[in-house]
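Overview (structure and organization)
The residues making up each chain are set out below.
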Amino acid sequence: MRIIIIGAGIGGASAGIALARLGHEVTIYDRMRENKPVGAALSLWSNGVKVLNWLGLSEQVAELGGLMDTMSYVDGLTGETMCAFSLAPVTERTGQRPYPVARADLQMLLMETFGLDKIHLNMKMVGIEDDGEEVTVTFANGETATCDLLIGADGANSITRDYVTGGGIERKYSGYTNFNGLVAADPRVGPLDRWTTYVGEGKRAAVMPVAGDRFYFFVDVPQPDGLPYDKSEGIAPLREAFGHWTGGVQALLDSIDPAVSFNRVEIWDIDPFHTWVKGRVAILGDAAHNTAPDIGQGACSALEDTFVLSIMLGSNTISIEDTLKRYEHSRTDRAADLVLKARKRGEETHDYGGDLTESWYASLRKESGENVLRGIIGNIVDSPINLGGAVLD
Ligand SMILES: Cc1cc2nc3c(=O)[nH]c(=O)nc-3n(C[C@H](O)[C@H](O)[C@H](O)COP(=O)(O)OP(=O)(O)OC[C@H]3O[C@@H](n4cnc5c(N)ncnc54)[C@H](O)[C@@H]3O)c2cc1C
């Protein structure tokens, strides 16, 4: 079957690998001129890593992954450790160690594994037509391409989403801006094998280890959307928001070189919706479930889409349209659950009013690790990659 995928992100590239392995003729088009992922790194939880293992990439992902053995919350103002505990139960219960990875490394691994010669960059899709026999895609440069199945992995502002749903789905501002990047790992910020999160005043500043003796840092500041920011300001907004915080956070700020690695991203998500397919066209990844990063599951969920869509296409034979309906049926509730969990977590973390965030801080001071681990593992247990029961008690 001829398959076109729009978007060479984690969703599109992973789907490309899986579907090519099933013997399909897959081509990816992306509007980007070169591979420049937004965001410095991401945490791949056990469900996401397992899909990559299934794609044959277990060794490569383990090489890119940081060894994140423990986790702690620290009072950002005083430097007091609120709680610290091992992440070993995540690996023991799910059967797979989670890995924080530099995004550009993962992206390049996926694109190279798929085959760079089959990825056409600088090709912005502007139109879709499905005549029931084949789908024709039109690009901004006037070129067209046809296929038997079109997968829109075209991200949060997906055009394919408008096509399959009929439009009208709006993104919602989550209430905060995220700043992230890569810095040299530094024990003054946190132990080198630990996910350390400083919290206070509804803000957070966190580091996770990634390969190459680096920390992935991500820092959240609750603020209105659309605030002006010029790159020449560098990390000035962080100095303003965190200037009075404890020494570990100052060490982190001092280590950031905005010219080398620094991103500023307003965080938006989308209310879950359940129309993911129309005829021979399906959406996958952020196009289908734009998720706030508060539980680190957006890309993992895209990888789950890849897993399910591939299993469906490899095992159902009635028709492409029928198979896509089964993909939609299998995925939308699970993806919705993660979107809503992330939103809830974001509300708890970012102090949008009430005493939710203060209560959370109080609970962290009493935390043995059990509740946090239950939450992390709870995000993973229902993954389709677990085939309905591979998580051990
Ligand atoms: C700050 C931040 C931190 C995050 N942290 C984590 C984390 O720790 N763990 C996790 O699992 N997830 C995380 N996520 C979520 C994760 O980044 C996304 O879920 C994931 O990257 C989505 O991949 P995708 O392939 O669906 O979309 P994208 O990566 O957005 O790729 C879409 C691609 O489509 C292309 N495209 C778009 N429109 C067109 C068009 N019209 N024609 C051609 N090409 C087009 C784009 O150029 C792009 O390359 C985070 C997100 C953010 C913002």
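Residues numbered from 1 in each chain as written. Predicted model: local features only at pLDDT ≥ 70, side-chain atom pairs only at ≥ 80, totals over all residues. Heavy atoms only, no water.

1. Focus on the sheet that holds strand β10 (residues 144-147)
So the rule is basically this: When DSSP finds at least two bridges between two strands, those strands are taken to pair. To qualify as a helix, a DSSP run of H or I must reach at least 4 residues; to qualify as a strand, a run of E must reach at least 2; elements of each kind are numbered from the N terminus. For helices, the fitted line uses only the C-alpha atoms of the stretch in contact; every axis is such a line through C-alpha atoms, and the angle between N-to-C directions lies from 0 to 180 degrees.
Reading across from one edge, β8-β9-β10 is the order of the three strands in this open sheet, with antiparallel pairing throughout. Of all the strands in the sheet, the pair left with one neighbour each is β8 (125-130) and β10. Each strand of the sheet is rotated relative to its neighbour by a mean of 20°, with strand direction disregarded. Sheet topology note: the β8/strand β9 (residues 135-139) ladder contains five bridges and is antiparallel. Across the sheet, Glu129 pairs through a bridge with Thr136, a residue of β9.

2. Describing the packing of aromatic side chains
How we decide: To pair, rings of Phe, Tyr and Trp, with the six-membered ring standing in for Trp, must have centres within 6.5 Å; the planes then decide the type, stacked if under 30 degrees apart, edge-to-face if over 60, and tilted in the middle. Three exposure classes are used, based on accessible area relative to the maximum for each residue type with a 1.4 Å probe and protein chains only: buried under 20%, partly exposed in between, and exposed over 50%. A ring is scored as having a charge over it whenever the NZ atom of a lysine or the CZ atom of an arginine sits within 6 Å of its centre and within 35 degrees of its normal.
Applying the stated criterion across every chain, the model contains eleven aromatic pairs. With 5.0 Å between their ring centres and 35° between their planes, Tyr216 and Phe218 make a pair best called tilted. Here the two residues Tyr216 and Phe218 agree in accessibility, since each one is buried. Ring pairing ties together the aromatic residues Tyr73, Trp360 and Tyr361, which thus form one cluster. Positioned above the aromatic ring of Phe242, the side-chain terminus of Lys203 is 5.5 Å from the ring centre. Cation over ring: Lys278 sits above Tyr163, and NZ or CZ is 4.5 Å from the ring centre.

3. Overview of the pairing of strand β12 (residues 172-184)
Extensive coverage of β12 is indicated by the burial of ten of its 13 residues. Bridge analysis of β12 against strand β16 (residues 263-269) gives six bridges, and the strand direction is antiparallel. Bridge pairing in β16 places Phe179 opposite Arg264. The pairing of β12 with strand β15 (residues 214-222) spans nine bridges and is antiparallel. Bridge pairing in β15 places Asn180 opposite Phe218.

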